[in-house]
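An overview of the molecular structure
As a plain string of letters, each chain reads:
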Amino acid sequence: MSWLSEYVRPRIRTLLGRREVPDNLWHQCPSCQQMIFAKDLATSLKVCPQCGHHMRATAAERLEWTFDEGTGTRIELPRVPADPLRFRDSKRYTERLKDAREKAHMDDAILVAHGSVGGHRAIIAAMDFGFMGGSMGAAVGEGIVAAARLAVLQDAPLILFTTSGGARMQEGLISLMQMPRTVIATRLVKDAGLPLIVVLADPTFGGVTASFAMLGDLHIAEPGAGIGFAGARVIEQTMREKLPDGFQKAEYLHDHGMVDMVVKRTDMAATLGRLIGLLRLKEAA
Ligand SMILES: [Zn+2]
């Protein structure tokens, strides 16, 4: 802890009263506990300047950081039936959705946009962990299908930024049906001979890993990203074995051939642009 977090911040809090300090002024790095000024964090693309930890990003930030012109042009995604199972646990699913929509300012856990990346036309579908843990229900499935169709229509490569805890349990079987649907969506892109690049962000787990997230032509991961199907603790309990260090981390998966590249967030847009250039050049030849 620095003097800023130990001394200055508590003092500011005492002076202003806890509630009056905006939450967005300082952020604490979850990895090294360093306090970082929000403005600095924005310029570093939410990467800790101290330890290089890649913090979670929203879908809107992914679009903003990747497209040449900033945000690209978002497309409206098909509407899906809300709460088809009338699901309720401690809360109604419709209420959970309403809360998530208000908090994340998006309709569901995915955004799709088109624009240019490194001077090449591209479609991006970005998931958002902040929206119900990036869980995949019918809306996310529709988003992936819509992105694939748009890629084919525009004859452009498709980039998928994934982050998800897995299936949207409140949608039961309908959520699981999105696995084969998104697999078919990747097929549409491949049949059209277009590049499909998957960028795996922390965390990518469950049904998303078990479907479209592992079906790209290229798999890029952000440093330190956790990627897997079931969580390490579940596997350890099932296998009754200690798992190796760094298991399910981007670097480990890169060493073992599950991930093609581990790319820093600050290099991501340039790398994607370069890769699309190379893939399309090969195609033209
Ligand atoms: Zn840090």
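Values in this document were obtained by computation on a predicted structure and should not be read as measured data.

Thresholds applied
Residues numbered from 1 in each chain as written. Predicted model: local features only at pLDDT ≥ 70, side-chain atom pairs only at ≥ 80, totals over all residues. Heavy atoms only, no water. Axes fitted to C-alpha atoms, helices over the stretch in contact; angles between N-to-C directions. Helix = DSSP H or I, 4+ residues; strand = E, 2+ residues; numbered from the N terminus. Parallel < 35°, antiparallel > 145°, perpendicular 65-115°, else oblique. Contact = heavy atoms within 4.5 Å. Nonpolar A, V, L, I, M, F, W, Y, C, P; charged D, E, K, R; others polar. Patch = residues over 30% accessible without salt bridge, like charges linked within 9 Å, V, L, I, M, F, W, Y side chains within 5 Å. Areas by Shrake-Rupley, 256 points an atom, 1.4 Å probe, with all protein chains shown as cover. Salt bridge = Lys/Arg side-chain N within 4 Å of Asp/Glu carboxyl O. Expected span 1.5 Å × (residues − 1). Buried < 20%, exposed > 50% of the residue type's maximum accessible area, 1.4 Å probe, protein only. Donors = N, O, S within 2.8 Å, 3.2 Å for Na, K, Ca; no water. Tetrahedral: all angles 85-135°; square planar, octahedral: opposite > 155°, others 65-115°.

On to the packing of helix H5 (residues 138-154) against helix H7 (residues 178-191). With their axes 8 Å apart at the nearest point, H5 and H7 run at an angle of 10° to one another. Here H5 lies roughly parallel to H7, going by the angle between them. Contacts between H5 and H7 involve Ala 138, Gly 141, Glu 142, Ile 144, Val 145, Ala 148, Arg 149 and Val 152 from the former and Gln 178, Arg 181, Thr 182, Ala 185, Leu 188 and Val 189 from the latter. Across the contact of H5 with H7, the residue classes break down as eight nonpolar, three polar and three charged.

Among the surface-exposed residues, Val 152, Ile 184 and Leu 188 lie close enough to one another that they form a single nonpolar patch of about 240 Å² accessible area. With respect to the helices and strands, the residue Ile 184 is situated in helix H7.

Moving on to H5. Taking 1.5 Å per residue as the helical rise, H5 with its 17 residues ought to reach 24 Å, and the 24 Å between its terminal C-alpha atoms agrees with that figure. Among the 17 residues in H5, 14 count as buried, and that is most of the element. Of the residues one or two after H5, Asp 155 is the one with positive phi, at around 50°.

Donor atoms from the polypeptide that coordinate the zinc ion comprise Cys 29 (SG), Cys 32 (SG), Cys 48 (SG) and Cys 51 (SG), at 2.3 Å from the metal. Because the angles between the four donor atoms bound to the zinc ion fall within 108 to 110°, the donor set is best described as tetrahedral. Every donor residue of the zinc ion comes from the same chain, spaced as C-x2-C-x15-C-x2-C.

Looking along the chain, the bond that leaves Asp 202 and enters Pro 203 is cis, with omega of -15°. When you line up the elements, Pro 203 lands in strand S7 (residues 196-204). Despite not being glycine, Leu 45 shows a phi value in the positive range, around 55°. Relative to the assigned elements, Leu 45 resides in the loop between helix H2 (38-43) and helix H3 (59-66). Notably, Lys 46 is not glycine yet its phi reads approximately 60°, a positive angle. Looking at where Lys 46 falls in the secondary structure, it is placed in the loop between H2 and H3.

Keep in mind these values describe shape, not function.
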